[in-house]
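A closer look at the structure
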Amino acid sequence: INRNVRWLAGVFLVSAVLYVLNLRHVVSDYYIQLINLSCINVMMTVSLNLVNGYTGQFSIGHAGFMAIGAYVSAFITSVLTDSAGFPVFGQYAVFLAAIAAGILVAGIAGFLIGLPCLRLNGDYLAIVTLGFGEVIRAVIRLIPAVGGARGMTGIPKYSNLWIILIATLAVVVLV
C-alpha cells in the first residue's frame, strides 16, 4: 500500500472518530472545521504537486484559480438560487451544479491564462501566475456582489465532513 494512502486512511479514521464524538457533543464544531480546512488544503497541495512536481513548471497561481471556482460556486448557491425551499435532493443538485460550474469557470480561466504562457517557464511563469492570482484577489475585493473585502456571507452549508473527506481521498488516490 502506498505510504500516502496509509497516511490518508489514518486521517480518515481519526476524522471519523472526531465526527462521531461531535455528534455526541464531546468535540466542538471548531475541530470539525479545522479538519475540513485541512482537507481542503491537502487537495490544494496535491494539485500544486501535480503541476510543480510532475511537470516541473513553477506555477504559483493556484490560489487565484481556487478563488474563482469557490466564488463562482458560492455565488450560484447563495445569490442566483434560493434553494432553502427545495427538497434535500434539489439542494444537493444545486450544490453539485454549482461545483461543476466553479470547476468549469476555473478551468476556462486556466486555459485563458495558459495560452499566452505556453512558452514561459521558470521564473517567468511564476511571475505571470503570481500576477494572475493578485489580479483575481483585487477584483474579488472590488465586486460588491461577492461581498467585497469582507467576503461572501450567507452561503448555505451543503457539504459536511464526509463529503470533504471522500473528495480528499479521491484527489489523493487519483493524483
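In this text the structure is predicted, and so the values were computed from the model without any measurement.

Notes on the pattern of salt bridges
Pairing between side chains becomes possible if they bear opposite charge and their charged atoms approach one another. Scanning the model with the defined rule gives 1 salt bridge in all. The shortest N-O distance in the salt bridge between glutamate 134 and arginine 137 comes to 2.9 Å. One end of the pair, glutamate 134, and the other, arginine 137, are both in helix α5 (residues 123-142), 3 residues apart, so they sit about a helical turn from each other. Classification of glutamate 134 as partly exposed rests on a relative accessible area of 39%.

A word on a nonpolar patch on the surface
A contiguous nonpolar patch, built from Leu104, Val105, Ile108, Phe111, Leu112, Leu115 and Leu118 and spanning about 710 Å² of accessible area, is present on the exposed surface. Structurally, phenylalanine 111 is set in helix α4 (residues 88-114).

Remarks on the nonpolar core
Listed in full, the 11 residues of the largest apolar core are Phe65, Ala67, Ile68, Ala74, Ala106, Ala109, Phe132, Ile136, Ile140, Val146 and Met152. Contributions of two or more residues to this core are made by α3 (62-80), α4 and α5. The element best represented in this core is α3, accounting for 4 residues. Formed by 6 residues, the second largest nonpolar core is a distinct cluster that contains Ile32, Ile35, Cys39 and Leu161.

Rules of the game
- Residues numbered from 1 in each chain as written.
- Predicted model: local features only at pLDDT ≥ 70, side-chain atom pairs only at ≥ 80, totals over all residues.
- Heavy atoms only, no water.
- Salt bridge = Lys/Arg side-chain N within 4 Å of Asp/Glu carboxyl O.
- Helix = DSSP H or I, 4+ residues; strand = E, 2+ residues; numbered from the N terminus.
- Buried < 20%, exposed > 50% of the residue type's maximum accessible area, 1.4 Å probe, protein only.
- Patch = residues over 30% accessible without salt bridge, like charges linked within 9 Å, V, L, I, M, F, W, Y side chains within 5 Å.
- Areas by Shrake-Rupley, 256 points an atom, 1.4 Å probe, with all protein chains shown as cover.
- Core = buried A, V, L, I, M, F, W, Y, C linked by side-chain atoms within 4.5 Å.

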